[in-house]
Amino acid sequence: MTTNDPYRLIASINLDRHGILVVGGGAVGERKVRTLLGAGASVTLVSPAATPALREMAGEGKIIWKERTATGDDFRGVSFALLTTPPEEAEALAPFARACGCLVDVCADGGLGDFALCAQFQGDGCYVGVSSGGGDPARAAATKRKLLRNDARPFVLISRGSPLATAQTGQWRDALEGAGVPVAIRTATTHGDRDRVRDLAAFGGFGVFVKALEEELLAGRADGAVHSLKDMPAAAPQGCALAAVLPRASACDVLVARESGVRGLEDLPRGAMVGTSSARRRAQVRSVRPDLECATCRGNVGTRLEKLARGEFDALILAEAGMERLGIAAANAVRLPFVAAAGQGAIALELSSALEGSRLMEAARALNHLPTWYETIAERELLRLMGLGCTCPVGVRGVWRDGAMELAVELYSIEPKENPADERVDLKISGQVSSEAEAKELAARLWTELCGLPLLRELPREAGGAPCR
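Remember, it's a predicted structure, so these values are computed and weren't measured experimentally.

(A) Spatial organisation of a negative patch on the surface. A contiguous patch of negative charge on the surface is contributed by E88, E89, E91 and D109. By secondary structure assignment, the location of E89 is in helix 3 (residues 87-99). Residue E89 is classed as partly exposed on the basis of its relative accessible area of 33%.

(B) Quick look at the packing of aromatic side chains. In the structure shown here, the tally under the stated rule is two aromatic pairs. When the centroid spacing of 5.8 Å and the interplanar angle of 90° are considered together, the rings of F80 and F115 count as edge-to-face. In this pair, F80 sits in strand 4 (residues 80-83) while F115 sits in the loop between strand 5 (103-106) and strand 6 (119-123), placing the two residues 35 residues apart along the sequence. A single burial state applies to F80 and to F115, both of which are buried. Between the aromatic rings of Y374 and W400, the centroid separation amounts to 5.7 Å while the plane-to-plane angle is 55°, which identifies the pairing as tilted. Pair noted here: Y374 is in helix 12 (residues 370-386) and W400 is in strand 18 (residues 394-401), with a separation of 26 residues, a long-range link. Each member of the pair Y374 and W400 is classed as buried.

(C) Broad picture of the pattern of salt bridges. Applying the stated criterion across every chain yields a total of 27 salt bridges. Of the charged contacts in the structure, one is a salt bridge between K230 and D231, with a shortest N-O distance of 3.7 Å. Linking D426 and R424 is a salt bridge whose minimum nitrogen-to-oxygen distance equals 2.9 Å. Salt bridges here are not isolated pairs; linked through shared partners, they connect R248, E375, E379 and R397.

(D) Representation of the environment of T448 within the structure. Along the chain, the position of T448 falls in helix 13 (residues 436-451). Given the relative accessible area of 49%, T448 is considered partly exposed. Each C-alpha atom, one on T448 and one on L385, is 9.7 Å from the other, the two residues being 63 residues apart in sequence.

(E) Quick peek at the sheet that holds strand 12 (residues 253-257). One open sheet holds the five strands; their spatial order is 14-13-15-12-16, and the pairing between them is mixed. Because the sheet does not close on itself, it has two edges, and the strands there are strand 14 (293-295) and strand 16 (333-335). Adjacent strand axes in the sheet meet at a mean angle of 30°, parallel and antiparallel pairs treated alike. Pairing geometry for strand 13 (residues 273-275) and strand 15 (residues 315-319), over two bridges, is parallel. Each bridged residue has a counterpart across the sheet, and for G275 the counterpart in strand 15 is L316. Sitting on the sheet, helix 8 (residues 279-288) is in contact with strand 12, strand 14 and strand 15, with an inclination near 130° to strand 15.

How each quantity is defined
Numbers given to residues run from 1 along each chain, matching the order in which its sequence is written. Where local features are concerned, this predicted model is filtered to residues with pLDDT of at least 70; where side-chain atom pairs are given and counted, the filter is 80 or more; whole-chain, interface and lining totals use all residues. Only hydrogens and water are set aside when side-chain values are computed; all heavy atoms of the structure are taken into account. Patches were defined on residues exceeding 30% relative accessible area and lacking a salt bridge, with like-charge contacts within 9 Å and nonpolar side-chain contacts (Val, Leu, Ile, Met, Phe, Trp, Tyr) within 5 Å. The accessible surface values rely on the Shrake-Rupley method and a 1.4 Å probe; as for residues, cover is taken only from the protein chains in view. Whenever a carboxyl oxygen of Asp or Glu lies within 4 Å of a side-chain nitrogen of Lys or Arg, that contact is scored as a salt bridge. Charge convention: Lys and Arg are scored as positive, Asp and Glu as negative, and His as well as the terminal groups of each chain are ignored. For the purpose of locating charges, the reference atoms are NZ of Lys, CZ of Arg, CG of Asp and CD of Glu. The way it works is that DSSP assigns letters per residue, a run of H or I at least four long becomes a helix, a run of E at least two long becomes a strand, and they are numbered from the N terminus. Buried means the residue's accessible area, taken with a 1.4 Å probe over protein chains only, is under 20% of the maximum for its type, while exposed means over 50%, and partly exposed covers the values in between. Working definition: rings of Phe, Tyr and Trp (its six-membered ring) pair if their centres are within 6.5 Å, and the pair is stacked with planes under 30 degrees apart, edge-to-face with planes over 60 apart, and tilted otherwise. In this description, strands pair whenever DSSP reports at least two bridges between them. Axes, fitted as lines to C-alpha atoms, cover a helix only where it is in contact. Angles between the N-to-C directions of the axes lie from 0 to 180 degrees. Between two residues, a contact is recorded if the distance between any of their heavy atoms is within 4.5 Å.

Nothing here speaks to function; it is all geometry.
Structure representation (structure tokens):
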């Protein structure tokens, strides 16, 4: 830098103590917001209009958007602000900011500002910033890309080898590479893939598709693992961390019948054979059609559909999200009206805890879809409190919208009872949720209501569940 350049010092901000205000919702504002979110900043946007991407970020809860023109009061209690508006508007707002003790980055005219946001990335736990003092952002970005190419070792993601698992891992690869993080994919065979005949509960059940991938993380042979979140136990092993989730697809189950014209379980003939390996799905079928037969049906989605076509089953129950991701559109697939598994429809990225502070961890957190995160945090917390094993039929579903969540649970007995009304419990609870802690608090409230129910006391619980009072 030349000595007459006012921007001669690159500093770091403690983002746990300071949120960032962005004024202006155009293309420049969008780029700045993306940089700030990538660094983990809490961002408030003030602008009467915003780009579609900024609107989506606000709708997903990633930023707070105040849809109006900025005033001097917006800078009160704010330490740092980015003015991405036209020069004349920024020049008028800057004095109000300084009167409140707020430092400003005037993006349209670096000479009017107090600081300039760096083009930055992380490597080996260090933040690397490149800045032209706002004078030549394109040159700073080009220098950043050049430096990144010198640190371009791909991070290794481990995946199951099934078509669905590969498609899901591809979604995380595309998202990470879109954020500038190179990724390579390896596959591994899990315990559940090796034995496709027995029920999952017969050889480990919950986590049977997950443990082998986690072993690769713990051994240092992979940096991250991609899972269907519904396959993951409520707690990750020491040394692994659930880092982020992509936007959730459908959380529903569908019934796929061999014969056309079937609009639900009620239309299947008496004694029809329904293929599923899930204790929850079997109990849900029994709750409305105790005359139907349920039998184990394992394998890839395509394999199971082939068994249906051969007449081995009259109908199958499958996750709608899996069929969508594989591009399978069964003409006679109909949604079932039950609460599905916790985490169903969500694709999770689990990372080695040793990667804390890495580019991969930071990029994953920036990509994390907050509505899905809040929903699945609540669902998994309820499972953790319940402490139910893989043989217990339970469905949990959180739905988060506009800062509020409804959390529902369906709990079934393992065996039929003399009085069918005693076989099932349905409960719902609602509350405001704007943080991970509040999502867990909502789950704890629902757990308190479940505790006194006789059906819960009858089900086998695993170590680690909360006491059932």
